[in-house]
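Survey of secondary and tertiary structure
Residues per chain are reported as follows:
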Amino acid sequence: MRGILTGAPYPDEDWSGKGRKVYYIRMRLSHMIHHEKAPLLLSTETLAEQIPDFDWEQGHSGMMLTDRQADKLEEVWRDYAAQGFATCTS
């Protein structure tokens, strides 16, 4: 998915039923990937190759990419979406 965050994080019920304190964020989607048609090019292995200084294997709650990492992720996404797997939702 790709989109724009439209608000601040807010607490809500834990979707997993484990009773944890969790936060969600609203997002206006611009693109989604068809999960049955797209190869999994953006696997954690691919992301680790392209942005090796971020730990893609651990939980990411509260972790942020640096500006440089975010720019690289944007480039990786553009290359992936250019292959025709992204569907515009807006």
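Heads up: these notes are all about the structure in this document. (Residues numbered from 1 in each chain as written. Predicted model: local features only at pLDDT ≥ 70, side-chain atom pairs only at ≥ 80, totals over all residues. Heavy atoms only, no water.)

Thoughts on the pattern of salt bridges
Under the counting rule described, the total for this entry stands at five salt bridges. In this structure, Glu74 and Arg2 form a salt bridge, with 2.5 Å as the shortest nitrogen-oxygen distance. Of this pair, Glu74 sits in helix H2 (residues 67-85) while Arg2 sits in strand S1 (residues 2-5), placing them 72 residues apart in sequence. On the basis of relative accessibility, which here comes to 27%, the residue Glu74 falls in the partly exposed class. Judged by relative accessible area, Arg2 falls into the partly exposed class, the value being 29%. As a salt-bridge pair, Arg20 and Asp14 come within 3.1 Å of each other at their nearest N and O atoms. With a relative accessible area of 6%, Asp14 lands in the buried category. (Salt bridge = Lys/Arg side-chain N within 4 Å of Asp/Glu carboxyl O. Helix = DSSP H or I, 4+ residues; strand = E, 2+ residues; numbered from the N terminus. Buried < 20%, exposed > 50% of the residue type's maximum accessible area, 1.4 Å probe, protein only.)

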